[in-house]
Amino acid sequence: MREKIRKTLDRSKHFLHQRSLQFTISITFTIVSVLGMLVVGISLSMRFISSSEKMASEDNTRMVDQVNLNLDTYLRSMLRISDSMYYRVIKNADLAKDDFSREMSLLYETNRDQLISIGVFSGTGQVIAAEPISQVKPTADTTKQDWFINATRRIENNHFSTPHVQNLFVNPENNYHWVVSLSRSVELTTAGSIAHGVLLVDMNFSGIEQICKNVDLGETGYIYLIDQNGELIYHPRQQLIYSNLIHENNYAAAKYEDGNHFEYFEGQERLITVKTVGYTGWKIIGVSSTQDITSGYSQIKLFALFFLFFGVFFLIFVNMFLSSRIATPIKELERAVKEIEKGRLEDVKIPTSGSYEVRHLGQTLNSMVHQLRNLMTDIVAEQESKRKSELDALQSQINPHFLYNTLDSIIWMIENEKYDGAITMVTALAKLFRISLSKGKNIISVADELEHVRNYLTIQKMRYKNKFDFTITAEPGTGECETIKLIVQPLVENSIYHGMEFMSGDGEINIHSYFREGDLYIDIIDNGLGMPQEQADLLLMEDNTTRKREKGSGIGLKNVQERIQLYFGKEYGLAIYSEPDEGTTARIHLPARPFGDGEPPREGGAK
């Protein structure tokens, strides 16, 4: 059993671990609340049932006590009549000379609403006096009547009979009444001698019937009356019981002590209230079905179920609302942390709502993100500055081989008295240095950049003894745009060393600047050997500065690409298009910005 409970708890924990915080809080609070409501509801229901049963028992006891009081009054009236007849009339009369018929008649008339008959009999059963009729039926044997036998056997007691039909006296109207007989032994005086006789008082049974009938013990409750042996004296369905159509648990009830008892009879639970009547030994039995006691339980149960369901839905709504108030700020923090994990420090918005602890956590995360942003900005700025410095240092370098070869060519021309050529090369070399220096600025106009390339090509054409021709054209307005200096020369240099060097003299290099869709483009086109497009795509991916080069400026295509993107953004840069034996086109893509004194912001800033 303990192992099953442990496994159930483990499964519950595993289930909750896979659910959100809001679901966990909602379901936990709801379960606890529902269990609490069930415990309270069951406790209240049990207390209500117990209280209802107690109230029903108390009500039945009060009703039975009231019946007992009324019945006691009824029986006392019978005893009073019997005592009056005995002690006031019979005791004072001598049958030899006195006749007490007048006093008996007066007593009868006074109590005729309760009496059926009253009579005095001798010890041999002869009628001495009787009211209202004194003639006994010829077929009636008085000495064999139960009331006569009980009175003569126990002369010191009063004897109450069970209800029976009074058929002792001749009734000219043939009316037969149900009566309860009270008989007692009396002393009859005749000429001074005393003999025992019997005084009989027949009370109308309807009086007992009225006392027991008008009792309310619920919808199906009733009261019945039995003697000490369990024989029925009164029952609201007495005729049906005598006809054996229904049954009563009267013999078992005769053994009950006074008080309340629960019994099962014919498949029905009943509350039995017992009260013993004084003088007689009779028992008043109050019967109430527990269905009457619990008849209102169904409505209460329906109300309780409605209240439970309403309470559950209300609790679910409240718990969802409260759990949302608790979990939503935490979920928003979780989403913000996920954004931080993805590196989106600029766009992330960290909430600072919810409870004090959650607000404090959000403020802490905000502070952390702010510090991270500052650190990232510093690191980026530092790296960009470092990279810019490296590129600026690289671009300021002139390959010693190019400078040596150029000077060697100038010396050769002077020695061979080719002064015009030497002057042209010296002039071009001076302009080349002037534009390369550009007063330390990295941003120059497109016109200056093209002029720098023109001087470079002039020197190279003379060195290569006119193996190639070149043209430089600029669409109107492009010369006034800004560009980074020394980005065209490395492309032209590649065209010469990899395209023109192995040609016999019909090489061409065309440089053209133009506008397209609002941006600036500079194409460097040669008719050299060309290469497959796959190889051309690799030129922008390999780091040319890591390879030892004997020719060129030392500035690789990848570095040109990085310089452009560093200054103008990732959407700008180089593109290489080539086919074998068809030549190569290098295309520079720049923003069309007018040239000014300031430099554009780097990547990450406003353009």
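Computed from a predicted structure; not experimentally measured.

**Some details on the sheet that holds strand E7 (residues 222-226)**
Ordered in space as E8-E7-E11-E10-E9, the five strands form an open sheet in which the pairing is antiparallel. Pairing within the sheet leaves two strands with one partner each, and these edge strands are strand E8 (232-234) and strand E9 (259-265). Averaged over all neighbouring strand pairs, the angle between strand axes comes to 35°, with direction disregarded. With five bridges connecting them, E7 and strand E11 (residues 283-289) associate as antiparallel partners. In the strand pairing of E11, Ile-226 is matched with Lys-283. The strands that helix H5 (residues 205-213) touches are E7 and E8; relative to E8, the one it contacts most, it runs at about 80°.

**As for the confidence of the model for the protein**
Across the protein, the average pLDDT comes to 80, with 86% of residues at 70 or higher. Taken element by element, the predicted model of the protein shows its lowest mean pLDDT in helix H1 (residues 2-17) (66) and its highest in strand E16 (residues 519-526) (94). Scored below 50 in pLDDT, residues 597-607 makes 28 contacts in the model with residues more than four places away or belonging to other chains.

**Overview of the pairing of E11**
On any regular strand, side chains alternate: one points to one face of the sheet, the next to the other face. In terms of residue burial, E11 counts as a mostly covered element, since seven of its seven residues are buried. Covered by surrounding structure in E11 are Lys-283, Ile-285, Val-287 and Ser-289 together with Ile-284, Gly-286 and Ser-288, the residues of both alternating faces. In this structure, strand E10 (residues 268-276) lies alongside E11, joined through seven bridges in antiparallel fashion. Among the inter-strand pairings, Ile-272 is bridged to a residue of E11, identified as Val-287. Taken together, E10 and the strand that follows it, E11, pair antiparallel across an intervening segment of six residues, in which Tyr-279 is found at a positive phi of about 75°.

**A look at the packing of helix H13 (residues 446-463) against helix H14 (residues 489-500)**
Put simply, H13 and H14 touch, their axes get as near as 10 Å, and they point 20° apart. If you check the angle between H13 and H14, you find them roughly parallel. Considering how the two elements wind past one another, H13 and H14 form a crossing that is right-handed. Note on element contacts: H14 touches H13 through Gln-489, Val-492, Glu-493, Ile-496 and Tyr-497, opposite Glu-449, His-452, Val-453, Tyr-456, Leu-457, Gln-460 and Arg-463.

**What to know about the pattern of salt bridges**
Think of it this way: side chains of opposite charge can pair up when their charged atoms draw near. Tallied over the entire structure, the rule returns 15 salt bridges. Lys-91 is the partner of Glu-187 in a salt bridge, and the nearest nitrogen-oxygen pair spans 3.5 Å. In this pair, Glu-187 sits in strand E5 (residues 178-190) while Lys-91 sits in the loop between helix H2 (21-90) and helix H3 (101-110), placing the two residues 96 residues apart along the sequence. Taking the relative accessible area as the measure of exposure, Glu-187 reaches 31% and is therefore partly exposed. Looking at Lys-91, the relative accessible area reads 38%, which means it is partly exposed. Here Asp-141 makes a salt bridge to Lys-144, at a shortest N to O gap of 3.9 Å.

**Notes on the sheet that holds strand E13 (residues 468-474)**
Strand-to-strand pairing in sheets goes through backbone hydrogen bonds, with the strands running parallel or antiparallel. In spatial order, the strands read E13-E15-E16-E18-E17; together these five strands make up an open sheet with mixed pairing. For this open sheet the edge positions go to E13 and strand E17 (573-579), each flanked by a neighbour on one side alone. Sheet twist, expressed as the average angle between the axes of neighbouring strands with direction ignored, equals 15°. Across the sheet, H13 is in contact with E13, strand E15 (507-516) and E16; its angle to E13 comes to roughly 170°. In the packing of H14 onto the sheet, the strands contacted are E13, E15, E16, E17 and strand E18 (583-591), and the crossing angle to E15 comes to about 150°.

Cut-offs and rules
Residues numbered from 1 in each chain as written. Predicted model: local features only at pLDDT ≥ 70, side-chain atom pairs only at ≥ 80, totals over all residues. Heavy atoms only, no water. Pairing = 2+ DSSP bridges. Helix = DSSP H or I, 4+ residues; strand = E, 2+ residues; numbered from the N terminus. Axes fitted to C-alpha atoms, helices over the stretch in contact; angles between N-to-C directions. Contact = heavy atoms within 4.5 Å. pLDDT = per-residue confidence, 0-100. Buried < 20%, exposed > 50% of the residue type's maximum accessible area, 1.4 Å probe, protein only. Parallel < 35°, antiparallel > 145°, perpendicular 65-115°, else oblique. Left-handed = near helix turned anticlockwise from the far one by under 90°. Salt bridge = Lys/Arg side-chain N within 4 Å of Asp/Glu carboxyl O.

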